[in-house]
Amino acid sequence: MRQTECFKIQILRGRLENSFDIKRLSPIHQICNSSSCLSLLPKIIEADPFLFVKDERLYLFYESKDYRKPGVIKMTSTADLKNWTKPHTVLQEPFHLSYPFVFQEGDTTYMMPETCATGEVRLYRAEDNSLTCFTHVATILKQRKDQNIEISYSDASVYKKDGKYYLMVTVMKNGVNHLLLYYADSLKGPYKEHPSSPLAVGMKYGRNAGCLFEKEGWLYRVAQDCVVRYGDNVHLLAVDQMDNATYKEHIVKDNIIPTDMKFYAEGGHQYNYVQFNDSIIVATDAKEYHDFPVARIINKIFKISRILFSHY
């Protein structure tokens, strides 16, 4: 029987010099998927973890997806890295959501989740400082019918540098990932495609595995490896130059997800890094495969029932 691709999350803590060596970090929190073959409605995806620090709390935003249902965005938080709040759904739409990149702009907290099912890059704003509810406030990019794009605007991240906003996002053309770069004078745009775009074409470096982040004076980009399968590993690149005329980067380290560790045996496709309480905190996800025969049978029964009753 065909297995279902699933994801789970692990948060780790460690020293600054070990940021990119997951084996030398200590796990402090996990969010796991359903593994029981008898599950009626298994939770198959707990993935795309993003860390965000605000008012001496560490927030974890992530995608949560039930079997045969679109993903929603959940959040949990901690003040001491030991006690975490109960996960709360902070954003739900009629379409699939993932990749909840959360960031601060002035006094406002924003989220730029993946909404590729709409053919758009959307911006959401937190209703208040509890960060428990986000509202759509702007559409940053919208796919045109003449763009010949098979999958539009996956895993968007924005980064502010020297007063300009740089937006990275992936589209798929002819079965291949294209990492596009846009820039604007305002967060809400309008955005113009960068002269260096696309930054990467291919399944190894053409899709981000998290937002851009700074560490010890360097700006880093993480890319997910989809050469053999979707999200098999994560590669680390450093940005050498980024302005409105030029973009340059170089590879720092390939395969930072340690697949020789049991938790990451099937790989993973997300890396996120922050500093909190005098430690560095790293968020990762890991892929695995499970059989859900009961859920699959129930789903087929519902499909057949809908077809039969649609004729009456």
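As a starting point, this report considers the structure included with it.

Scoring rules and cut-offs
- Sequence positions are assigned chain by chain, starting from 1 and proceeding in written order.
- With pLDDT at 70 or above as the cut-off, local features in this predicted model cover only qualifying residues; side-chain atom pairs require 80 or more to be listed or tallied, and sums for whole chains, interfaces and linings still use all residues.
- The side-chain quantities take in all heavy atoms of the structure and omit both hydrogens and water.
- Secondary structure is summarised from DSSP: a helix means a run of H or I of at least four residues, a strand means a run of E of at least two, and numbering begins at the N terminus for each.
- Partly exposed describes any residue whose relative accessible area lies between the buried limit of under 20% and the exposed limit of over 50%, with all areas from a 1.4 Å probe on protein chains only and scaled to the type maximum.
- Aromatic rings from Phe, Tyr and Trp, with only the six-membered ring used for Trp, were paired whenever their centres fell within 6.5 Å, and each pair was classed as stacked if the ring planes differed by under 30 degrees, edge-to-face if by over 60, and tilted otherwise.
- Two strands form a pair only when DSSP identifies at least two bridges running between them.
- Axes here mean lines fitted to C-alpha atoms, for a helix over just the part in contact, with angles spanning 0 to 180 degrees between N-to-C directions.
- Residue contacts are defined here by distance: any two heavy atoms, one from each residue, within 4.5 Å place the two residues in contact.
- In this text, buried Ala, Val, Leu, Ile, Met, Phe, Trp, Tyr and Cys residues form a nonpolar core when linked through side-chain atoms within 4.5 Å.
- Just to be clear on terms, a salt bridge is a Lys or Arg side-chain nitrogen sitting within 4 Å of an Asp or Glu carboxyl oxygen.

1. Notes on unusual backbone geometry
With omega at 10 degrees, the peptide bond leading from Gly 189 into Pro 190 counts as cis. As for its placement among the helices and strands, Pro 190 is situated in the loop between β13 (176–184) and β14 (192–193). Each neighbour pair has its own omega, and for Ser 197 with Pro 198 the value is 0 degrees, a cis peptide bond. Checked against the element boundaries, Pro 198 lands in the loop between β14 and β15 (200–201). A positive phi is found at Arg 68, a non-glycine position, where the angle reads about 65 degrees. Inspection of the secondary structure puts Arg 68 in the loop between β4 (57–66) and β5 (72–78). Relative accessible area serves as the criterion here: at 48%, Arg 68 is assigned to the partly exposed category. A positive phi angle, close to 55 degrees, is found at Asn 148, a residue other than glycine.

2. Section: the packing of aromatic side chains
For the structure shown, the criterion picks out 15 aromatic pairs. Arranged with centres 6.3 Å apart and planes meeting at 80 degrees, the rings of Phe 7 and Tyr 230 form a pair that is edge-to-face. Here the residue Phe 7 occupies a position in strand β1 (residues 4–14), and Tyr 230 occupies one in the loop between β17 (218–225) and β18 (233–242), the gap between them amounting to 223 residues. Judged by its relative accessible area of 32%, Tyr 230 falls in the partly exposed class. Summarising the aromatic geometry, the rings of Phe 213 and Tyr 273 are spaced 5.3 Å apart at their centres and angled 40 degrees between planes, so their arrangement reads as tilted. One end of the pair, Phe 213, is in strand β16 (residues 213–215); the other, Tyr 273, is in strand β20 (residues 271–276), with 60 residues separating them in the sequence. Residue Phe 213 is classed as buried on the basis of its relative accessible area, which comes to 6%.

3. As for the pairing of strand β11 (residues 151–161)
Among the 11 residues of β11, eight are classified as buried, and the element is accordingly described as predominantly covered. Note: β11 against strand β12 (residues 164–173), seven bridges, orientation antiparallel. Looking at the pairing, Val 158 lines up with Leu 167 of β12. The hairpin formed by β11 and β12 contains two residues between the paired strands, and Asp 162 there has a positive phi angle of roughly 50 degrees.

4. Concerning the sheet that holds β17
Strand order in the open sheet formed by four strands is β16-β17-β18-β19, and the pairing between neighbours is antiparallel. Edge positions in the open sheet fall to β16 and β19 (247–253), since each of these has one partner strand only. For this sheet, the mean inter-axis angle between neighbouring strands, taken without regard to orientation, is 40 degrees. Two strands pair when backbone bridges link them, and β18 and β19 are joined in this way by six bridges, in the antiparallel orientation. From the neighbouring strand, Ala 238 faces β19, where its bridge partner is His 250.

5. Points about the environment of Ala 156
Within the secondary structure, Ala 156 is located in strand β11. Overall, Ala 156 belongs to the buried group, its relative accessible area being 2%. Taking the C-alpha atoms as reference, Ala 156 lies 9.3 Å from Pro 100; in sequence the two are 56 residues apart. Ignoring anything within four residues of it in the chain, the contact list for Ala 156 reads Tyr 99, Phe 101, Met 112, Val 121, Leu 167, Met 168 and Val 169.

6. Overview of the sheet that holds strand β9 (residues 120–126)
Taken in spatial order, the four strands line up as β7-β8-β9-β10 in an open sheet, and their pairing is antiparallel. The open sheet has two edge strands, β7 (98–105) and β10 (134–142), and neither has a second partner. Here the average twist between neighbouring strands, direction ignored, is 25 degrees. Sheet analysis places strand β8 (residues 108–114) next to β9, joined by two bridges and oriented antiparallel. In the sheet register, Met 111 faces β9, and the bridge partner there is Tyr 124.

7. Side note on the nonpolar core
Ranked by size, the top nonpolar core spans 25 residues in total, and within it Met 112, Ile 140, Leu 141, Val 158, Leu 167 and Tyr 191 carry the most contacts. Put simply, the parts of the chain that give this core at least two residues each are β7, β8, β9, β10, β11, β12 and β13. Ranked by residues supplied to this core, first place goes to β12 with four residues. Discounting residues that sit within four places of it in the chain, Val 158 has contacts with Phe 101, Phe 103, Met 112, Tyr 165, Tyr 166, Leu 167, Leu 187 and Tyr 191. Counting 20 residues, the second-largest nonpolar core is a separate cluster that includes Ala 209, Phe 213, Val 234 and Phe 263.

8. A look at the pattern of salt bridges
For the structure shown, the criterion picks out 18 salt bridges. Note that Asp 254 and Lys 204 form a salt bridge whose closest N and O atoms lie 3.4 Å from each other. Here Asp 254, found in the loop between β19 and β20, pairs with Lys 204, found in the loop between β15 and β16; they are 50 residues apart in sequence, far enough to count as distant. Here Asp 254 falls in the partly exposed class, since its relative accessible area comes to 29%. Assessed through its relative accessible area of 30%, Lys 204 is described here as partly exposed. Ionic pairing is found between Glu 249 and Arg 221, a salt bridge with its closest N-O pair at 2.9 Å. Of this pair, Glu 249 sits in strand β19 while Arg 221 sits in strand β17; the two residues are 28 residues apart in sequence, bridging distant segments of the chain. Take Glu 249: its relative accessible area is 22%, and that puts it in the partly exposed class.

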